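Working through the structure, step by step
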Amino acid sequence: MNMDQLIALLQNDKEFTSHVTLWRHLEAQPAHYLPFPQSLDGRLLSALKKHHIQQLYSHQARTIDHILQGRNAVVVTPTASGKTLCYNVPVLQKVLQTREARALYLFPTKALSQDQVAELHELITLLGEDIDFDIKSYTFDGDTPVAARKSIRTSGHIVVTNPDMLHSGILPHHTLWVKLFENLRFVVIDEIHHYRGLFGSHLANVVRRLKRICAFYGSRPQFICCSATIANPREFAERLTGEKMELVAENGAPRGAKHFIFYNPPLLNRELGIRQSYVKEAQKLAGRFLRHKVQTIVFARSRMRVEIILTYLKEAMRKTNASELQVRGYRGGYLPLERREIERGLRSGEILGVVSTNALELGIDIGQLQVCIMAGYPGTIASTWQQAGRAGRRSDASMAILVASSAPLDQFIVSNPDYLFGQSPEAGIINPDNLIVLLSHIKCAAFELPFSEQERFGIRWDGSEGVDATQEILSYLEDHRVVHRAEGKWHWMAEIYPAEAVSLRSAAEENVVIIDRSTADERVIGEIDLFAAPLMVHDEAIYLHGSQQYHVDKLDWERRKAYVREVAVDHYTDAQLKSDLRVIESSEEKTLDACACGHGEVSVTSVATMYKKIKFNTHENIGWGKIDLPELTMHTGAFWFIFPVDIHERLNIPQQEFSDGLKAAANVLGNVAPLFIMGDPRDISVLPMMRAPLWQKPALFIWERYPGGVGHGAKLFQIYADVAHAGIQLVQQCGCDSGCPSCVGPALEVGEKGKQHAVAVLRVMVQAPL
Amino acid sequence: MLSIKEKLAQLQGERSAPAHQAVQPSSDPQGMAELELLAETTPTGSVWRRQRHISQALAPMVDLAACSRLAGMDLALIAKSWDFRDLAAKDLIFIDTETTGLAGGSGTYAFLVGLARLHQDGLAIRQYFLLNQGQERSMLQAIGEEMGSAKALISFNGKSYDVPLLRSRFILNRLPFAWEASPHLDLLHAARRIWKGMDGYALTNLEREVLRFQREGDVPGYQIPELYFTAVRSGQFAPLKGIFQHNVMDLLSLAGLLVHAQRRFQLREEPQSRDITGIVRTLIELGLDEMAEGFCQSHLTLRPDAPWPLVMRQHARILKRQRKYGDMVRLWEKWIGNMATFNLEPYEELAKYFEHIAHDYGRALQIIERAWQRLEISSQMGSRTLATTALYANLQKRRLRVSKKLKKLRDHEGSAYDG
């Protein structure tokens, strides 16, 4: 079935169209070309032509030009816009000029590195006909055989790796990589939007270490970064690399026409905001397309959902007597060979359907499919476009369908298409100076090379900037017997290998593991962060996972394990958390007439006190119990907004109702803020306080759930009005009567007028100064 | 406002100040005289060095005199490398380092480097000590100069540990490092070849099993880094005395192992039967076939209880390489003649020889039939196991192949005759 037939089929399906909240036709865009740079090596030019590249897209030409002029650049690239050329061309040009030149490529995943190396090889092979030496490119990661490592270290012109390997396998052993570091000309960091939050804060410090080692060996590489569309690519890349960057944002690649459809499954329970399962809806749609032989990719948000959808689709294929091998799953955990086979099958068309986690959202070459179905909002706008870009042929139209879940962010996106189609509100946020992160990496850096007594960690190539706290942190490490000061330098003096203890991807704090004991074999069904655990998995709690209820038999706090078993009961539990927050240090503040706001460091203390059992539908309180768990304290970053003490009078709301309204507004902000900070709802927490200490006024605090914070507080200080505005939209567009978990929270928690009051409170934030 | 240190303490969840406050060392290091360390000023800075001369009387467990008489040939055999053929004992430098741990990477360094040279009247040891890391460059330069005066290195596990570590330190101090390509006799590798089936190859094991002595009051290796760190932090160096002694013992044991290894090749020290494979293989790999054969023969004569398979196999391999096929066939037949329990190996080797080298398919088939009968006899006594089944299958396969070849040959011969 071709695209026109498919569109007609869907348009004539009243059941389908009645749940479509948006059907947008994106026009095809022609390519925008620019000539090859004058200075391009003739051999490289002819290799590119053999590679069927007759001209460069404008973004490729501009990026290559910046790099050839010796500048750093970040290029914003949609899927399949030929971004690898942006860095492969200048790198190969340099190697052709200077045989000893080296480049380091960083990709967020191993699978992606292998794919990119394959592409690079093709170009090098074409070049090989015209040059008298071998240009060698290798992947270096945990899978690299020990026997091959030595030659990679000494003779690899282009070494492709990931941040974790650079951090723990390369930098601490830099003396084995002398050739690389002495001659390093380029560092390529691809898919930088992945390095946001904690991961990015770590990577920025790994880059600081890398630059420090380069300086020791006398090299000063240029940086080339690629990013999906985000609100602040230049600022973000500059934070990540610590260098000035040129931005190339306009995409010159052609784009085929695309139909973008938002599908919101039917509401089942208006009061609770529960909708028909988006997973089921997505798999039904996919099954239908596959029956019509339409090549389709389905993205699901977890490995488990991938398997559920895959099982359904295989069954559907069997019913139509088609081979179930035409539908495949794809996710981390599959073996590399199997992945390669699936990628090939998709390119050749032998495989009709694939169900994937976001593993396939990265630039792995699978050709261009006809339809992409996203089972749930992928979590960020950048991911949504990358996934949607998996469907799209230059000649023919393609289709992307976003099937919304009942989660607040999904509901917000399908009701407010401008956030997706307009200027992206998502900012890549990192905080390389988070003290815990900084401490870890100064430790690793001291292991790699001694610090001098004047040295500032993280200086730019020109010697400016750098971390003020460097020397004090080193002194702290001396107190802890890690380094020793002698003859003007801080020397490493411990038996440990510090990189081993630092994981770039996960918070240092522990999680509580949730273990299902329903069956004979204990099974881990999830993890929950330490701070949320007392609320969600205390003894006797009813814990919801997927759509299944579990009873928590025992929370083993010491071992960080919660033992649960499946149940089907008519109630849920609601734990009361007593939180206290204290501002330790304010970084920035502003007064907005009667209101005020600021950001800085806070200390949050919380203790779960008791829980209530609440019956579904009637919301009767059918019992309660005590929770006996220790108090938790966290020092972290936060944004705060302070209301005048008489705010309820100004808004004409009774004081008690205002308290509920503040809580409702807090819930809303917690729901929409992730959209702006490109984060996960679990990255932040919003705390309403009727009498905030220090001010003795009503206040809202949005605090970060990672010790020390990764910079969300500072960002929210700049954009809180936009966030509050989005919050108002979310509340007003929600179909519920008086509050549901998709907007302000259940009416039971926020009162009958919760929606109304939340909007009033958020308006104050948008409009302040009053 | 909190200081950075206070913030860190809070973030790290520390309830009180760190247990270890930095102790400011006194300006002068204490205990250097007890360690017999002397400072020497070089153009790049101070170097602390201790010199010791170990005479035979001081080290009765090591035959230093014998060690100093080692010839190039002895060293070549022990090292399994002809690079040593033209060297003498005086050309060697023994090296052993004490380091800040086993973690590896650029944060691990050597704080004590022991170098030793052989003289007729003993072993001259120089130990270089790193008072603090600021002096590393001058220390490495001094070490580099001293190592440069020798022609080959002797170490224990130095190929994978000491040399790469020193290389890394030289690079970190931007000094050239030239010893990766030098002849290097790593006694750990040699010991694995020469003394088979040891209960681990830690130096202390070799001392007990080969050199027949045990250290008394030795500092265990795992304590060494922490002892050093404490000394540097406190400025009190006298407690490191044991580490200096440990390092001297390591160097002495290297000399001892060289002597014992040499005796193995001289047949002066009767090897355990299990050791012979390594020795013979070394000889073969060096191309010393006659010596290897002589070694096998004398061993078989001297030791009637020798493990036939091991020695025979080695011996037959030499004969095969030398194309002394007649002798090789006699050797395998001798094994069969002496065989108590069934072993396919000699039959198989004979069959292979007749099939692939002599192209005498008739005799090859005979050997296979003999093996078959012998196997039947022995398997009648025991039960038919999986292993026996495999043996039959092996023989059957070989029988079919050889029969086919034989038939082809006969057909061919027949037709040639007809024509």
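Just so we're clear, the structure is a prediction, and the values are computed from it rather than from any experiment. (Residues numbered from 1 in each chain as written. Chains lettered and ligands numbered in written order. Predicted model: local features only at pLDDT ≥ 70, side-chain atom pairs only at ≥ 80, totals over all residues. Heavy atoms only, no water.)

Looking only at helices and strands, one finds 16 helices and seven strands in chain B. Out of the 419 residues in chain B, the part that is buried amounts to 51%. Taking the contacts inside chain B whose residues are at least 6 apart along the sequence as the reference set, 66% of them involve residues at least 24 apart. As presented, chain B carries roughly 20,100 Å² of accessible surface, and 51% of it is formed by carbon and sulfur atoms. (Helix = DSSP H or I, 4+ residues; strand = E, 2+ residues; numbered from the N terminus. Buried < 20%, exposed > 50% of the residue type's maximum accessible area, 1.4 Å probe, protein only. Contact = heavy atoms within 4.5 Å. Areas by Shrake-Rupley, 256 points an atom, 1.4 Å probe, with all protein chains shown as cover.)

This brings us to the overall build of chain A. Counting secondary structure elements, chain A contains 25 helices and 32 strands. On the principal axes, the C-alpha backbone points of chain A span a range of 80 × 75 × 60 Å. Taken over 770 residues, chain A has a buried fraction of 60%. Put simply, 72% of the contacts in chain A that link residues at least 6 apart link residues at least 24 apart.

As a further point, take the interface of chain B and chain A. Every contact between the two is made by 41 residues of chain B and, on the other side, 42 residues of chain A. Both faces combined, the contact of chain B with chain A buries some 3,700 Å², and carbon together with sulfur accounts for 58% of it. Summed over the shared surface of chain B and chain A, the result is four salt bridges. The partner of B:K7 in a salt bridge is A:E601, with the nearest N and O atoms 3.1 Å apart. Across the contact surface, chain B and chain A share 18 residue pairs in polar contact (both at pLDDT 80 or more). (Buried area = accessible area lost by both parts, 1.4 Å probe. Salt bridge = Lys/Arg side-chain N within 4 Å of Asp/Glu carboxyl O. Polar contact = N/O pair within 3.5 Å; in protein donor to acceptor, adjacent residues only side chain to side chain.)

Summary statistics for chain A give a mean pLDDT of 89 and a share of 97% for residues scoring 70 or more. When the elements of chain A are averaged for pLDDT, strand 13 (residues 274-275) of chain A gives the smallest value, 78, and strand 8 (residues 184-189) of chain A the largest, 98. (pLDDT = per-residue confidence, 0-100.)

For the rest of this paragraph, the subject is the domain arrangement of chain B. One frequently used descriptor of interface size is the decrease in accessible area upon assembly of the parts. Here chain B is described as being made up of domain 1 (30-265) and domain 2 (343-419). Taking only C-alpha atoms, the centre of domain 1 of chain B and the centre of domain 2 of chain B are 57 Å apart. (Domains from an automatic or database assignment.)

The strands making up a sheet are joined through hydrogen bonds of the backbone, oriented either antiparallel or parallel. All names here are of chain A. The strand order 19-21-20 describes an open sheet built from three strands, whose pairing is antiparallel. Strand pairing shows two members of the sheet lacking a second neighbour, strand 19 (451-452) and strand 20 (483-486), which therefore form its edges. In terms of strand pairing, strand 19 meets strand 21 (residues 489-492) through two bridges, oriented antiparallel. Along strand 21, the bridge assignment pairs S452 with K489. Strands in contact with helix 19 (residues 470-479) are strand 19, strand 20 and strand 21; relative to strand 20, the strand with the most contacts, it is inclined by about 110°. (Pairing = 2+ DSSP bridges. Axes fitted to C-alpha atoms, helices over the stretch in contact; angles between N-to-C directions.)

Residue and element names in this part refer to chain A. Here chain A is partitioned into domain 1 (3-27 + 255-421), domain 2 (33-248), domain 3 (435-501) and domain 4 (582-604 + 631-767). With centres defined by C-alpha atoms, the gap from domain 1 to domain 2 works out at 32 Å. Each partner contributes residues to the interface: domain 1 has 16 residues there, and domain 2 has 17 residues. In total, domain 1 and domain 2 occlude about 1,200 Å² of area from one another, counting both sides; carbon and sulfur atoms represent 51% of this. Counting across the domain 1 and domain 2 interface gives zero salt bridges. Applying the counting criterion to the domain 1 and domain 2 interface returns two residue pairs in polar contact (both at pLDDT 80 or more). Of all elements in the fold, only helix 14 (336-348) and helix 15 (381-388) reach the threshold of two or more residues within the side of domain 1 that touches domain 2. Counted by class, the side of domain 1 that touches domain 2 contains four nonpolar, five polar and seven charged residues. (Nonpolar A, V, L, I, M, F, W, Y, C, P; charged D, E, K, R; others polar.)

What follows deals with a nonpolar patch on the surface. On the surface, B:M73, B:W82 and B:M291 cluster together into a nonpolar patch covering about 230 Å² of accessible area. Position of B:M73 relative to the elements: it lies in helix 3 (residues 72-79). (Patch = residues over 30% accessible without salt bridge, like charges linked within 9 Å, V, L, I, M, F, W, Y side chains within 5 Å.)

A separate point is the environment of A:G466. Residue and element names in this part refer to chain A. Along the chain, G466 falls in the loop between strand 19 and helix 19. Residues G466 and P233, 233 residues apart in the sequence, show an inter-C-alpha distance of 21 Å. Setting aside its immediate chain neighbours within four residues, G466 contacts R456, F457, G458 and I459.

What follows is about the nonpolar core. Residues and elements named next belong to chain A. Among the nonpolar cores identified, the biggest contains 161 residues, and Y105, F260, F641, L700 and M765 are the most heavily contacted of them. In terms of residue count, helix 22 (residues 655-677) provides more of this core than any other element does, 12 residues in total. Setting aside its immediate chain neighbours within four residues, Y105 contacts Y87, N88, V91, L120, I158, V159, V160, T161 and V188. (Core = buried A, V, L, I, M, F, W, Y, C linked by side-chain atoms within 4.5 Å.)

Bringing the pairing of strand 2 (residues 45-54) of chain B into the picture now. All names here are of chain B. Bridge count between strand 1 (residues 38-42) and strand 2: five bridges; the pairing is antiparallel. Bridge assignment links E40 to a residue of strand 2, and that residue is V47. Adjacent in sequence and paired antiparallel, strand 1 and strand 2 are bridged by two residues. Relative to strand 5 (residues 122-129), strand 2 runs antiparallel, the two being bridged by seven bridges. Paired with R49 across the bridge in strand 5 is Y128.

Attention now moves to helix 14 of chain A. Residues and elements named next belong to chain A. Here helix 14 is 13 residues long and its end C-alpha atoms lie 18 Å apart, about the 18 Å a rise of 1.5 Å per residue gives. For helix 14, the full list of buried residues reads R339, I342, E343, G345 and L346. What you see down the axis of helix 14 is that its buried residues fit within an arc of 160°, all on one side. With its phi angle positive at about 90°, G349 sits one or two positions after the end of helix 14. (Expected span 1.5 Å × (residues − 1). Arc of directions from axis to C-beta.)

Another point: the pattern of salt bridges. Evaluation of the coordinates by the stated rule reveals 51 salt bridges over all chains. Put simply, A:D132 and A:R99 hold a salt bridge, and the shortest N to O gap is 3.0 Å. In this pair, A:D132 is assigned in the loop between helix 6 (110-128) and strand 6 (137-139) and A:R99 in the loop between helix 5 (83-97) and strand 5 (102-106), connecting sequence segments 33 residues apart. The class of A:R99 is partly exposed, set by a relative accessible area of 42%. For A:E448, the salt bridge goes to A:R209, with nearest N and O atoms at 2.7 Å. Taken together, the residues A:E448 in helix 18 (residues 435-448) and A:R209 in helix 10 (residues 197-217) connect sequence positions 239 residues apart. Judged on exposure class, the residue A:E448 and its partner A:R209 are both buried. Residues joined in a network through salt bridges with shared partners are B:E207, B:R215, B:D218 and B:D250.

Take the packing of helix 18 of chain A against helix 19 of chain A next. Residue and element names in this part refer to chain A. Between helix 18 and helix 19, the least distance of the axes is 10 Å, while the angle of their chain directions is 70°. As summarised for this structure, helix 18 and helix 19 are arranged roughly perpendicular, according to the angle between their axes. On helix 19, the residues touching L435, L438, L439, I442 and K443 of helix 18 are T470, I473, L474, Y476 and L477. (Parallel < 35°, antiparallel > 145°, perpendicular 65-115°, else oblique.)

Residue and element names in this part refer to chain A. Here P746 is to be found in the loop between helix 23 (712-733) and helix 24 (747-750). Residue P746 is classed as partly exposed on the basis of its relative accessible area, which comes to 21%. Separated by 304 residues in the primary sequence, P746 and I442 place their C-alpha atoms 46 Å from one another. Residues in contact with P746, not counting those within four places in the same chain, are G739, C740 and P741.

To continue, consider unusual backbone geometry. Positive phi, normally seen in glycine, also occurs at A:D593, with a value near 60°. Among the secondary structure elements, A:D593 is positioned in the loop between strand 27 (571-592) and strand 28 (595-615). Phi at B:E36 takes a positive value of approximately 60°, unusual for a residue other than glycine. Along the chain, B:E36 falls in the loop between helix 1 (4-11) and strand 1.

All names here are of chain B. Strand order in the open sheet made by the seven strands is 1-2-5-4-3-6-7, with mixed pairing throughout. Both outer strands of the open sheet, strand 1 and strand 7 (184-186), are each paired with one neighbouring strand and no more. Averaged over all pairs of adjacent strands, the angle between strand axes in this sheet comes to 30°, irrespective of strand direction. The sheet contact formed by strand 4 (residues 110-119) and strand 5 spans eight bridges and is antiparallel. Looking across to strand 5, one finds that G114 is bridged to Q127.

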